[in-house]
Each structure stands twice: as structure tokens, then as C-alpha cells.
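# Summary of structural features
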Amino acid sequence: MSTRIKILPENLTNKISAGEVVERPASVVKELVENCIDAGASEIVVEIESGGKRLIKVSDNGCGMSREDALLALERHATSKISSDDDLGFISTLGFRGEALPSIASVSRWVLATREQGCIEGTEIYGEGGRIRDVKARGMAEGTIIEVRNLFFNTPARLKFLKSNETEAGHVGDQLTRLALSRPDVRFTYVNDGRTVFRALNGALEDRVAALLGRSISAGLYPLECTGEELSLKGLAGKPDSNRSSSSHLYTFVNGRFVRDRLIQHAIMQSYRQLLERGRYPVAILFLNTPVEDVDVNVHPTKHEVRFRNQSLVHDFIASALEKHLGSTPWMAKPAIKAVSYSHAEQGLTAESSAISVKETPFVYDTFGDVRVAEQVGLPVDVPSKFAPQAVEEAKPLETEGFFSSLRVIGQYLGAYLICQGGDDLLIIDQHAAHERVAFERLRMDFSAGEVESQGVLFPEVVEFTHGEASVVDAHMPMLRKLGFHLDDFGGTAKVLNAVPRILASGPYMQALRDIIEEVASFGKSRTLDVLQEDLLVRIACHSVIRGRSSLSGNEINALLASLDSVPFASNCPHGRPVYRTITRPDVEKMFKRL
Ligand code: ADP
Ligand code: MG
């Protein structure tokens, strides 16, 4: 009878990234479950006792093994997954090194029971510390069961290294979470000391995420799918709101394999850069698929790292797919609150009834039943009364369908925040963050369409630079021009500044220019030019916004809200700070113990 499993020739095993894969119970679970997945199982059950130190049992309903194959599988470098050097470049299975089973068998007391599909009976092999003690026939369902008892019983040094049962069980749980997320089509059950920790039925990724990570996380995720010529990215990406302090909730998979890859993480962080504060990470479950020959998984024994043939292609594909996705998510552009229309004509209201609807328009600050409140926040002073039809004309908001324009403005707080009502929710909008986002998006649009609108300065200024700075300026003259700064040589290292971005014309443009040159000078390999340019636009936007308190007129507020509706990513400023916060009606009612 021929075997599926072959011992790899030595010249090939030398090319395989070798190393100890059995470090702790979680690594045993990883190797065994990956084998189940490679065996085509649709159901996998993992049971552990005492953090996996006493028992790890993994059962599957996959293809199983013949007796010969099962005996071979316990040999070093025995695998059914590759057979020649050439195969190393085309790995589509999770395993290929033929090392896991013999490594595990050498440090435990184990039972391998397996029945090949179509065979009438199964085989049970019992062994200890790498030695086979018994081989016999066993009646069982098709598939494979591996029991690993007393891990590291013969290597006390490694046993000592293990942590408490709870900690080890936690690692097993984390490992299984990644594996179960990678294959929502496979049923997974995890039992720890007789207690079922999770039972995940096969189904959609959303359901799998809810079963493993909880409903509160899954509710903040939005599906994405992007197919390129060779690459495709799909999965779920999270709201900026539900961010984390570490990358623990970035689950990334390449061709079905969980990876912790810096390039992928960088691409994700780049797309979220303007939505999250520094040091915060989004939640995302993303599957990248590439042709198998374009990715090398033979980099590290645990295969958590991969190497792409075309790194920048992969990076840019992920970043642009995610960015596009983020721009289209419902929670990004506008929250799902029903927009209210203020067009009186549309509502068929008469002049008389419109007097009542005035109360609904964002321009009448009559919250306190006092029209003076409106005056204080800058409502046009010629408003004769809060019920006058002219006031309606004056105060009529722009006819946008947008969320922000639909808010009812209650007033301004500390000259820095707008207090608004949207539906039954109370919203606090940070004026500066809002202005910054709007300015940045406009700059970005101008920049990508050609160049940022500039304005000549009244008295061209001579700017002295250091040699280092001057060389940066010389090397990046065209980009500075695109950004709106027009500089000409003035002898030596001095330049003359003729024009500046229009939005900075009456602002601190010199400061902005200095910042930009510093930023360009420190531009290293960690950022692409695109990213650098965006960062520079953020700087300009940031300098263009007036700091401190500024009371806005009704029209200014209206214009700001309408502008927010017209730009993407309106929920956060370009530095990632939120533009608004919502206090829901239940929040308020709870505050007053009415709920
Ligand atoms: P690798 O997965 O790298 O091939 P392993 O030592 O993990 O090496 O497994 C050796 C071989 O044993 C596999 O190539 C596969 O043919 C077989 N095998 C292991 N586990 C299972 C399983 N659960 N079901 C069927 N075959 C298995
Ligand atoms: Mg394996």
C-alpha cells in the first residue's frame, strides 16, 4: 500500500526554517489544530485539563491516516504536504515541515488514533517520550484524535518554564480564537477542565466574531471586500471609537494563516492614522489573499511572519482598500440618525405654522426661552423676534441632506464647543477639531487635483535657512509649491517667500513653513511620500485653525456643520481626536436617575 506521507530528503530539510515549535500547551494546540484544518476537517474539538499540562486532546473529522501513514507521521521531516524543493515556493497548507508530531511526541505521553476516510477501522498508537509502545486496531469515526498527556514530563527545565494553569489556558484560548477566526466555515469547540469555553458553529465571519470576541466588539465592525488583480482583502474593520491600547485585536491572516506582520500592521495603522490618537489601535479581522508563490511562509518556525515578493504592492493595496472602506462606512461619514429636513416648502407649511417650526431650526437658540441667548452666540442682530417669518428666511439652514446640518444647535459652550441635538441625542462638537478636519479635507482635495490654493504675501519675506534646511528646501521645491509655499533663491542659504497657502495667509504661515521643513528633513524610510505629504497637509490645516475661544455667528455655525457633511472622515480630526461626542437620551435619563 502506498503512503501519502514521505520523509523529506536532507537537502530539502536544510532549507526549511527549523526551530522548536513546542514551547507551551498553546503551541501544541496550534500545531495539532493546523493539522486538522489541513486534513480538511469541518469540525474540531479541543479539550484541555490543568492549563494543558495534564491533557491536550484534539479531535477532528478530517481525512484521517492509514496505519502506515500514522506511523510515518511520527518520524522527523515526514509530511504529506510537500515533497520537493519546488513545492517550497507554492505552499497552500498551514504545515509543511513535518516536525510537529515528532516534536510533541518526544516530550509527552501520547495517543494518536486515526481512521482514514473509507477505511473500515482505525489505528491507535500509544507512545511515550518519542518511543512507540503499542499499535493496535481501534473502532472509531473517520478522522483523527490526538491526546497529549503530561507535556514536558521528561524535560523538567521546560516544565518549570510553564506558568499557572490559568495563564496557560488563557494562551490556549487566544491561540484557538485566532484559529477559529481564520475558518468560520469550520465548527470549533473548546473545553477547559470540563467546562465548554466556546462552541462556534460554522457560519458567517460576523457570527464567529460575536461568538469569540463578544457582541460588543462585533457590533462595532463593518464588512469590507476589495478584490484587485492578484490580491484581495476582505473581513471586518472596526469603528475608531472601539479602539484598543495594543494591537491585540488586529487579527490578520494571509492565505488563511494568522500572521503578525509589521508591513500589514503598518498599512492598517496608516489607514486609521487620522481617526485614532497616537498609541491606539483599531479592531480588525482581515484576510489577505495572494497567489501562494508571492508569499514566503518559510521565514520563521512558527510561521507568524511572512515575506511578500512585492512588499510595497501589498502595503499599498491594503492601505488603499481600507481607506476607501473607512470613507464609506456609515459610522464614519454620518452616524445613523435620521436626518431632519427643515425645508418649510417641502413640509407644506404656511407662514403661520412655520412660526412654530422656527423652533426646530438650528438657528434659533431659544432653549432657555430667551432670545438673548441667541444674540450672545452671534445670531444676526436684526432678527426682530424668534417667531418672525423673516427670521425663518434668515435662519434657514443650507438644504443639505447631511447629518450635521440636520442637528438642532442649542448653543455654544466655552467658545469652543457646539451643543446640539440630533434625534433624541445630545451632541457636543469640538469646533477646533471640526475646523481642522474640514480644512484638511479641502487641502487634500486641492493637493491631489494640482496644488493647494496660494496667496501672494504683501511684503515678500526673506527667510534664512541653515545649510541643512536649505538643501531640504532645494530638494523639495516642487512639493513645497504644491503645498502652496512659493519660495525663490535669495543668495546663499536664504530664500524669499512670495506666496503661502491661502488658508494660512492671515495665520502663522512662517511657523507652518518651519514645521514643514523640519518634518521633510526627518522624513525617513518609515514613511512613504504619500504619507509625508498628508502629514504636511495636516500641519497646514492645524496652523490654519484659530486657537482659543472664538464665538461663532449662527451663519458660521451653519457653514461649519454643512462643511462637515461635505467631507469624509468627519467624525475625527486629522490627528485622530473625535470631532463630536454623543450623549444619548438614556445616558441623560440615567444621570438623573429616571432610568
Ligand atoms: P506537517 O503538518 O508539517 O506536514 P506534522 O508533523 O504536523 O507535519 O504532521 C505530519 C503529517 O501527519 C502531515 O503531513 C499529515 O499528513 C499527517 N497528519 C497530522 N495530523 C493529521 C490529522 N489531524 N489528520 C490527518 N493527517 C494528519
Ligand atoms: Mg503540522
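As a reminder, the structure under discussion sits directly above these lines.
This section reports on the structure supplied with the text. (Residues numbered from 1 in each chain as written. Chains lettered and ligands numbered in written order. Predicted model: local features only at pLDDT ≥ 70, side-chain atom pairs only at ≥ 80, totals over all residues. Heavy atoms only, no water.)

## Focus: the pattern of salt bridges
Inspection of the entire model under this criterion finds 30 salt bridges. Among the ionic pairs, R4 bridges to D69, the shortest N-O distance being 3.9 Å. Here R4 is found in the segment before β1 (6-7), whereas its partner D69 is found in helix α3 (residues 67-73), with 65 residues between them in sequence. When the shortest N-O distance is used, the salt bridge between E99 and R76 registers 3.8 Å. With a gap of 23 residues between them, E99 in the loop between β4 (78-79) and α4 (100-106) and R76 in the loop between α3 and β4 connect regions that are remote in the sequence. One salt-bridge network, held together by shared partners, links R273, R437, E441, R444, E534 and D535. (Salt bridge = Lys/Arg side-chain N within 4 Å of Asp/Glu carboxyl O. Helix = DSSP H or I, 4+ residues; strand = E, 2+ residues; numbered from the N terminus.)

## Some remarks on the nonpolar core
Core analysis: the biggest nonpolar cluster contains 58 residues, and V33, I44, V46, L176, F188 and I285 have the highest contact counts within it. The element contributing the most residues to this core is helix α2 (residues 25-38), with seven residues. Each of domain 1 (10-202) and domain 2 (207-327) gives at least three residues to this core. If we skip the residues at most four places from it in the chain, I285 touches L181, L205, V209, L213, L221, K234, G235, L236, Y251 and F253. (Core = buried A, V, L, I, M, F, W, Y, C linked by side-chain atoms within 4.5 Å. Buried < 20%, exposed > 50% of the residue type's maximum accessible area, 1.4 Å probe, protein only. Domains from an automatic or database assignment. Contact = heavy atoms within 4.5 Å.)

## A closer look at the sheet that holds strand β14 (residues 257-259)
Pairing within the open sheet is mixed, and its five strands lie in the order β11-β12-β15-β13-β14. What marks the edges here is a single partner per strand, and that holds for β11 (221-227) and β14. Sheet twist, expressed as the average angle between the axes of neighbouring strands with direction ignored, equals 20°. The pairing of strand β13 (residues 250-254) with β14 spans three bridges and is classified as antiparallel. Residue pairing across strands places T252 opposite V259, the latter belonging to β14. (Pairing = 2+ DSSP bridges. Axes fitted to C-alpha atoms, helices over the stretch in contact; angles between N-to-C directions.)

## Some words on the sheet that holds strand β22 (residues 486-489)
Read from one edge to the other, the open sheet built from three strands follows the order β21-β23-β22, with strand pairing classed as antiparallel. Because the sheet does not close on itself, it has two edges, and the strands there are β21 (454-464) and β22. For this sheet, the mean angle separating the axes of adjacent strands, direction not counted, is 20°. In this structure, β21 lies alongside strand β23 (residues 494-501), joined through seven bridges in antiparallel fashion. Each residue of the ladder has a partner; that of Q455, found in β23, is V500.

## Quick word on the side chain of Q412
Of note, Q412 is situated in strand β18 (residues 408-413). By relative accessible area, Q412 is classed as buried at 17%. Side-chain polar atoms of Q412 contact the side chain of Q431, separated by 2.6 Å. For Q412, the side chain forms a polar contact with the main-chain nitrogen of L552, separated by 3.4 Å. (Polar contact = N/O pair within 3.5 Å; in protein donor to acceptor, adjacent residues only side chain to side chain.)

## Observations concerning the environment of L313
Its place among the elements puts L313 in helix α10 (residues 311-328). The sequence separation of L313 and L231 amounts to 82 residues, and the corresponding C-alpha distance is 9.2 Å.

## Considerations on the site of ligand 1
Contacts to ligand 1 come from 21 residues, most closely from N35, T79, S80, K81 and G98. One of the side-chain nitrogen or oxygen atoms of K81 is found 2.7 Å away from an oxygen atom of ligand 1. Separating an oxygen atom of ligand 1 from a backbone N or O atom of F96 is a distance of 2.9 Å. Coverage of ligand 1 by the protein chains reaches 96% of its 530 Å² of free accessible surface. Taken together, the elements giving at least two residues each to the shell around ligand 1 come down to β4 and α4. It is α4 that contributes the most residues to the shell around ligand 1, three residues altogether. Considering only residue class, the shell around ligand 1 consists of ten nonpolar, seven polar and four charged. (Near = heavy atom within 4 Å. Areas by Shrake-Rupley, 256 points an atom, 1.4 Å probe, with all protein chains shown as cover. Nonpolar A, V, L, I, M, F, W, Y, C, P; charged D, E, K, R; others polar.)

## Topic: helix α17 (residues 467-475)
Every buried residue of α17 is accounted for by A470, V472 and V473. Along the axis of α17, the buried residues cluster in a sector spanning 160°; they form a single face. For α17, the exposed residues set more than 90 degrees away from the buried face come down to H467 and A475. Summarising the contacts, the buried residues of α17 are in contact with α18 (477-482), β22, β23 and α19 (509-521). (Arc of directions from axis to C-beta.)

## Focus: the environment of D38
Along the chain, the position of D38 falls in helix α2. When the C-alpha atoms of D38 and G62 are compared, they prove to be 8.3 Å apart, with 24 residues separating the residues in sequence. Apart from the residues within four sequence positions on either side, D38 is in contact with K81, T93, L94 and G95. A polar contact of 2.8 Å, which involves the side chain of D38, links it to the side chain of K81.

From the geometry alone we can't say anything about function, so treat these as descriptive.
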